[in-house]
Structure formats: structure tokens, C-alpha cells
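Analysis of the macromolecular model
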Amino acid sequence: MLISDFDYELPSDMIAQQPLPQRHASRMLIVARAVGIFADRNFCDLPTFLRPGDVLVLNNTKVFPARLIGRTETGAGIEVFLVREVGDVWETLARPGRRLRVGKRLIFDDRLAAEVVEKRGDGKVFVRFEADGDFYSILDEIGKTPLPPYIKRNTESLDADRERYQTVFASERGAIAAPTAGLHFTPGILDAIRSKGVTVTQLTLHVGYGTFEPVRVDDLADHSVSAERYSIGEETATILNAAKTDGRRIVAVGTTTTRALETNLSKYGGFAAGSHSADLTITPGYEFKAVDALLTNFHLPRSSLLVLTSTFGGHELIMNAYRHAVAEKYRFYSYGDCMFIV
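Notes on the structure in this doc start here. Per chain, residue numbering runs from 1 following the sequence as it is written. Only residues with pLDDT of at least 70 get local features here, since the model is predicted, and only at 80 or more are side-chain atom pairs given and counted; chain-wide, interface and lining totals rely on the full set of residues. As a convention, hydrogens and water are excluded, and side-chain values are obtained from all of the structure's heavy atoms.

Observations concerning the sheet that holds strand 14 (residues 250-253)
Quick note on the threshold: Strands are labelled as partners when DSSP assigns at least two bridges between them. Secondary structure elements are defined from DSSP: runs of H or I of at least 4 residues count as helices, runs of E of at least 2 residues count as strands, and each element is numbered from the N terminus. With axes taken as lines fitted to C-alpha atoms, and helix axes fitted only over the stretch in contact, angles between N-to-C directions fall between 0 and 180 degrees.
Reading across from one edge, 2-1-17-16-14-3-12-13-15 is the order of the nine strands in this open sheet, with mixed pairing throughout. The open sheet terminates on both sides in strands that have one partner only, identified here as strand 2 (37-42) and strand 15 (274-278). Recorded for the sheet is a direction-independent mean angle of 25 degrees between the axes of neighbouring strands. Where strand 12 (residues 199-205) and strand 13 (residues 228-232) come together, two bridges link them in antiparallel fashion. Within strand 13, the residue paired with T204 across the bridge is S231.

Here is the structure:
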């Protein structure tokens, strides 16, 4: 299939710019694969769509303040977006990148500076930080929440998103973007789910640049999503293997959770605990082995996340569901509404 098959029209005013006052107040589109229909509901109805014996899998990664605003030694403004730590340097995206050259010194705070050590043609800039104190403590003080570029509002004066652009179960620091399907949950919703006899468990996949990197090919047969590290604990692996043996549903919260679970089961034939690499690219024709139901937000046109979602739910059904969501004025993307594919 072509990436153009995953396009749809979305009015810009339907891109959620702010989170709702209450996490669980989002709308939820139910998509039933077996009968090819969808229905409008609310996220707080999720427990009624779960069954006793289901296993709900969350991604407990925690977003860190990966945006740094600084200046060069000549006073020119610069923004550096931390992507990942590679040895003693950081891979970053810098704006404006044209101002940077190897050896350039960047100043973010009187306690934090950096030197450009490598600049690549793909836009990646590698820097080595110099911190007067603990790097992560300083980053927590001066870094900004790395909101997606389609959220167009002033976030410089007060980082009000630091708590809201984080799931209530986030515990493992390392993501540069939130696993957004998890943003809808509250402790009360999780309690209601457990009271239904559903087991709630967690894994960790630190959402990185590969998750939202644009698809740069026309033919999806040529598409590959960058690998990301994930980890599954012994208890979670035991719970998941028991569910598969018993024929109980595994319900993934988010595409990152789905990719980790599918990679793990495909590679090992059963769920294997430990730290692993999620290097699976899910495109049409892939047969899902691990996940039976998926809760996910609405994704950008022509994105690898929409391709994964459409592969799970069926291309025609999911694209029709997206058109329905547009017609019904759902809120889209990170702070938007969600879809539950059963």
C-alpha cells in the first residue's frame, strides 16, 4: 500500500491545543472489527467494554523536560531538543540549526552549557554537556515539556503541561513524548477497571523520535520505523503468558505498548522478561499475535502510528472511523479524544 492511502482531511481547529480539565472526560469512539461498525461513547465508559480476565497493559514511561532554550556565545537564541543519550554525548535536534558548527558553545543557564561535537546532514546535532551540579536536576529546573509542534500556543512563560502531559502511572523517566492513549486514565478509572476483574500491568518503552518520525517513502513496503528500547518485568511476562494460554484478551493502551508486545511475542514465541529492542515495523499484511484490543488516540495523516492502527483495525474501517470522528468533531492528537478497537 501507499502512504497516500492513509491521508484524511482534518480542520485545524479540531487539533486539541489544551487538555480537558478532567482527564477522563474525553470522548471515545468504539470500533468493532468483527462487525465493521463504530459507535460514539465516552472514555469513562471504558470499564464497561472490558471483560473479567482481560489484561490491560500500560506503558509507564515518564516524559522528561527535553526542550532547552539557550543562546550561543554571541547571544543568538537557540532551542535544543534532546532525543537520546549516546555514551557521553546527546543526540539532539536544534533550531535554528544553521547557526551551529562543530566546536560551537551553547549556554542554557549559569550551571549548564554544551559544546557541539558533531553535526549531520539529517539535521541531528550531537552535543556534550557541561553541568555545574547534577545534570538531571538542572534539566528538571530549566527544561521545558517537549510538546508536539502542532500544539501552537505559548509554553515559554509557565510550563503548565509538566503534570498534564504525563500519565498518572508514569514512573520510569526517559520519554521525549507521552504515550498519549494513557493520558485519559485516572486512579478512579483504574480502580473501576480492576473491580471488573481485569488485571492491570505495565511495561516500559521510552517514546523516542522514531515513534513520530515522518514516513519518507511512498510505498510502505520500503518503510522502517527506528528501533526503540523497551523492558518487560518478570511479573508482567508471567501475567501475559498466562493470559495467552487461557485465551484471555490482552488489551494494549497505546501504539507504543502494542509495538513492544508484538515485537516481544514475535521474537520469542512467548512473552520474555528483560530489556529488548522494539524493531518491528507494522504495516498492512502483518498478523497481530499479542494484542486483542487497542486503545489509541487519533493520529496524524500519513503517519506510522496511523498505519499501525489501520493494520490492527482494518484499513477501510479505520479510515471510515476517522472520517466519522472528523464529522462528529472529535478532538485530535495528543490532548485529544481516543478510539477503542475491539
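Overview of the side chain of T186
The cut-off we apply is this: The contact criterion used throughout is that any non-hydrogen atoms of two residues lie within 4.5 Å.
Within the secondary structure, T186 is located in the loop between strand 11 (172-175) and helix 3 (187-195). Leave out the neighbours within four places in its chain, and T186 touches R23, H24 and V168.

Looking at the pattern of salt bridges
Applied cut-off: The term salt bridge refers to a side-chain nitrogen of Lys or Arg lying within 4 Å of a carboxyl oxygen of Asp or Glu. Only protein chains enter the accessibility calculation, which uses a 1.4 Å probe. A residue is then buried if its area is under 20% of the maximum for its type, exposed if over 50%, and partly exposed in between.
Under the counting rule described, the total for this entry stands at 19 salt bridges. For R302, the salt bridge goes to D7, with nearest N and O atoms at 3.2 Å. On the criterion of sequence distance, the pair formed by R302 in the loop between strand 16 (293-297) and helix 7 (304-313) and D7 in the segment before strand 1 (27-32) is long-range, its members being 295 residues apart. On the accessibility criterion, D7 (34% relative accessible area) is partly exposed. In this structure, R84 and E91 form a salt bridge, with 2.8 Å as the shortest nitrogen-oxygen distance.

Let's talk about the environment of F185
Relative to the helices and strands, F185 resides in the loop between strand 11 and helix 3. For F185, a relative accessible area of 0% gives the class buried. Here the alpha-carbon distance between F185 and M319, two residues 134 residues apart in the chain, equals 25 Å. The contacts of F185, once residues within four sequence positions are left out, are R23, F43, L46, L56, L58, V168, F169, L190, I193, V253 and L295.

Looking at the packing of aromatic side chains
Defined as follows: Aromatic contacts are taken between Phe, Tyr and Trp rings whose centres are within 6.5 Å, Trp giving its six-membered ring; a plane angle under 30 degrees counts as stacked, one over 60 as edge-to-face, and the others as tilted. Consider the ring centre and the ring normal. A charge sits over the ring if Lys NZ or Arg CZ is within 6 Å of that centre and within 35 degrees of that normal.
On inspection of all chains with the given rule, the structure shows 18 aromatic pairs. Between F108 and F129, the ring centres sit 6.0 Å apart and the planes meet at 45 degrees, which makes this aromatic pair tilted. Here F129 lies in strand 10 (residues 124-131) and F108 lies in strand 8 (residues 105-109), a separation of 21 residues in the sequence. Residue F108 shares its accessibility class with F129, and that shared class is buried. Judged by centre distance (4.9 Å) and plane angle (40 degrees), the rings of F298 and F332 are tilted. Highlighted residues: F298 in the loop between strand 16 and helix 7 and F332 in the loop between helix 8 (315-327) and strand 17 (338-341), separated in sequence by 34 residues. By relative accessible area, F298 is classed as buried at 1%. For F332, a relative accessible area of 0% translates into the label buried. Within the aromatic cluster, the residues linked to one another by ring pairs are Y8, Y150, F298, Y322, Y330, F332 and Y333. One cation-aromatic arrangement involves R27 over Y330; the distance from NZ or CZ to the ring centre is 4.0 Å. The positively charged end of R33 is found above the aromatic ring belonging to F312, 4.0 Å away from the centroid.

What to know about the sheet that holds strand 5 (residues 67-72)
The sheet built from six strands closes into a barrel, its strands ordered 5-6-7-10-9-8 with antiparallel pairing. Averaged over all pairs of adjacent strands, the angle between their axes in this sheet comes to 45 degrees, without regard to strand direction. As judged from the two bridges shared by strand 5 and strand 8, these two strands associate in the antiparallel manner. When the bridges of strand 8 are listed, R71 appears paired with I107.

Quick word on unusual backbone geometry
In this chain, R95 is followed by P96 through a cis amide linkage whose omega measures -5 degrees. Mapped onto the elements of the fold, P96 is located in the loop between strand 7 (89-95) and strand 8. Of note in this structure, R302 is not a glycine but carries a positive phi near 60 degrees. On the accessibility criterion, R302 (38% relative accessible area) is partly exposed. Phi at K329 is positive, roughly 60 degrees, even though this residue is not glycine. Counting through the fold element by element, K329 comes out in the loop between helix 8 and strand 17.

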